[in-house]
Amino acid sequence: MKLRIYKGRVVESLRSDIAEHLELYRSGDFAYLDQDSSCYMELGIEADEEVLKNLNSLAIPEGRPSSAEEVAPSLMVFGALTNVTPYLARDERLWTYLTHSVLLAYSRKRWPIPDDNEEAIKHIRTHFFARSARQIERDNAVSRLWWMAYICSRSQSLPIERALDVFLLQSDVRASIIERPTTAQSLRIFESLLRHLDRSYEKDQKWFERRILRGVMEELNRLGGVKLMEVMPDEELDAIISEAFKTCEKQVA
Amino acid sequence: MKFDLQKSFPYPVLRPYSDDYQDSEFQVDVAVGTQDGEIRVRTTHVTSSESILQLIEEKAAKYVTVISCRDTYLRIAEVSSSAVAEVSISAKKLRGEVAIDCFVVAVTDIPGYRPEDLNSEYGDGSFKIEAGSVLAQEETHVFYFDRELLKPVSSVFDIVVQEQMEPGRWSIDFNADRVRIGMSRETKATVDLARSSKEHRAVLINSLYFSAVMSCLEAMKSSPDDVRSYRWFEVFDHQIQDAGLDLEAQETYFLAQELLRKPMLLLMNYVFKD
């Protein structure tokens, strides 16, 4: 299918009319918007509709799924939307379209809508729209999956599946890295962190422990304050990160 | 590493507003341009510090340009011994705020660093510099990138129905982010239909759009403060700068031809060819 995005006015009108549309969010759909060509724009970008539809029937564990259980949906969304560029992936109109159309069923299954109407309105505004950077990266039912996969897809030393396994094993890993944009942005630092965590993943997964990882990130922040780590050779960067993990492990023991 | 004047380093760093050095300076000229869907960043580093220049000459230090975009998780570090660096980035990988930070960084350990014009407060001692340490830093340059700005100027026009307009006549309204060209329902239907053919589009560009572009340029020249805040102004302004044109010095008819990429050629190629 050709990817579509809602027009800006449609997104704004959906956002302001959540209360009137609660029943559609709970059990109906927004197919009428897809039938009116003045509501959307069709992009010249192909998306794999079958894969997206399969996401709707993906088994989602009761309660809140763990980070690790988001590996499969992340891979599916990224695989189906492989032609989406980072530029487009920052566009709220795209994610609002997907959560209100082909991925509406997945969105409400993954983020069940509360029974209380007031809570439901807040919940829908958070998980079915993507106005801010935080919403795009963390809250929107679909965009968060694409961005996690995109960040991991940049790894050259680990295949995306493995990088996601490591990245999403503990929610703390994802949060620690995403909350420090310089670390996530700098591919060499991100790669080196992933490689170290991958080794621990195979062994005893000790380095995934919250206090150890936080300690390592703090040490990287401190070093990054006076040194430009990107100019260091790979071996030196790896040695610094190894040392930080070992020191923090000893401190925690 | 963000530019932060409050940050203190355990050794002297050549930075604006800092008195670590007496007279030496480090400045970077940053030029950002666009071409064929690529953003080109060219940085020209200049320093008057003989010590730092000597370290670069000896390959103990290098110029580094870091381009980062938080929204798209892009971060590129261009490391070079040359004072001029050029980086091309696909426009698909940038959105919103893009920061350009320029440094001189030690790439090897430097045991006895003692620049020539240090502030006397440093005394006579020398410093042990480790590889990766910043020796000079310029203030962060920031630009905002939006691919809308790369679109042709004709993309800022909306043709809208204006019921009271007599057939064949049109009006123009600059007072919105997009320029609205108003015409009767019947005229708009004809124009909409015409846009589907290359030949008719060529005629429209040379008539309706050419006149509309000229009107926009006139508004920009005569009353810039009235229209500066609108989105269409940004697109025009960006395209004028990008094409190396001069709004003040050049004639409106010439600017319009350049911005529409010599539209007469469309008539010659599609309409007059037979």
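Predicted model only: the values in this text are computed from it and were never measured.

Focus: the nonpolar core
Generally speaking, a soluble globular protein has its nonpolar side chains buried in company with each other.
Thinking step 1. The biggest cluster of nonpolar side chains holds 87 residues, and the ones touching the most others in it are L81, L98, W146 and F167 of chain A.
Thinking step 2. It is helix α10 (residues 143-153) of chain A that provides the largest number of residues to this core, a total of 8 residues.
Thinking step 3. Setting aside anything within four residues of it in sequence, one finds L81 of chain A in contact with L3, A47, L52, W95, L98 and W146 of chain A.
Thinking step 4. Residues I39, A60, L118 and F145 of chain B belong to the second largest nonpolar core, which totals 46 residues.

Focus: the interface of chain B and chain A
Thinking step 1. Tallying the contact residues gives 33 residues for chain B and 26 residues for chain A.
Thinking step 2. A buried area of about 2,400 Å², summed over both sides, lies between chain B and chain A, and 59% of it is on carbon and sulfur atoms.
Thinking step 3. Considering only the surface of chain B that becomes buried against chain A, Y73, R75 and R95 of chain B emerge as the three largest contributors, covering 35% of it.
Thinking step 4. One can count 5 salt bridges joining chain B with chain A.
Thinking step 5. Counting the contacts that link chain B with chain A gives 12 residue pairs in polar contact (both at pLDDT 80 or more).
Thinking step 6. Sorting the residues of the side of chain B that touches chain A by element identifies β3 (61-69), β4 (74-80) and β6 (96-106) of chain B as the ones contributing at least two each.

Side note on the sheet that holds strand β5 (residues 84-90) of chain B
Strand pairs in the sheet, formed through backbone hydrogen bonds, run parallel or antiparallel to each other.
Residue and element names in this part refer to chain B.
Thinking step 1. Spatial ordering of the open sheet is given by β1-β2-β5, a layout of 3 strands whose pairing is antiparallel. With partners counted over all chains shown, the strands left at the sheet margins are β1 (26-35) and β5, one partner each. Each neighbouring strand pair of the sheet contributes to a mean axis angle of 15°, computed without reference to strand direction.
Thinking step 2. By the bridge criterion, 10 bridges tie β1 to strand β2 (residues 38-47) in an arrangement that is antiparallel. Each residue of the ladder has a partner; that of Q27, found in β2, is V46.

Details of the domain arrangement of chain B
Thinking step 1. According to the domain assignment, chain B consists of domain 1 (26-149) and domain 2 (151-270).
Thinking step 2. The gap between the C-alpha centroids of domain 1 of chain B and domain 2 of chain B is 41 Å.

What to know about the packing of helix α4 (residues 49-56) of chain A against helix α5 (residues 71-80) of chain A
All names here are of chain A.
Thinking step 1. At a minimum axis distance of 8 Å, the contact between α4 and α5 shows a crossing angle of 155°. One element, α4, and the other, α5, form an angle in the roughly antiparallel class. Considering how the two elements wind past one another, α4 and α5 form a crossing that is left-handed. Residue-level inspection shows V51, L52, N54 and L55 of α4 in contact with α5, the latter providing P73, M76, V77 and A80.
Thinking step 2. Residue composition of the contact of α4 with α5, grouped by class: 7 nonpolar, 1 polar and no charged.

Calculation notes
- Residues numbered from 1 in each chain as written.
- Chains lettered and ligands numbered in written order.
- Predicted model: local features only at pLDDT ≥ 70, side-chain atom pairs only at ≥ 80, totals over all residues.
- Heavy atoms only, no water.
- Core = buried A, V, L, I, M, F, W, Y, C linked by side-chain atoms within 4.5 Å.
- Buried < 20%, exposed > 50% of the residue type's maximum accessible area, 1.4 Å probe, protein only.
- Helix = DSSP H or I, 4+ residues; strand = E, 2+ residues; numbered from the N terminus.
- Contact = heavy atoms within 4.5 Å.
- Buried area = accessible area lost by both parts, 1.4 Å probe.
- Salt bridge = Lys/Arg side-chain N within 4 Å of Asp/Glu carboxyl O.
- Polar contact = N/O pair within 3.5 Å; in protein donor to acceptor, adjacent residues only side chain to side chain.
- Pairing = 2+ DSSP bridges.
- Axes fitted to C-alpha atoms, helices over the stretch in contact; angles between N-to-C directions.
- Domains from an automatic or database assignment.
- Parallel < 35°, antiparallel > 145°, perpendicular 65-115°, else oblique.
- Left-handed = near helix turned anticlockwise from the far one by under 90°.
- Nonpolar A, V, L, I, M, F, W, Y, C, P; charged D, E, K, R; others polar.

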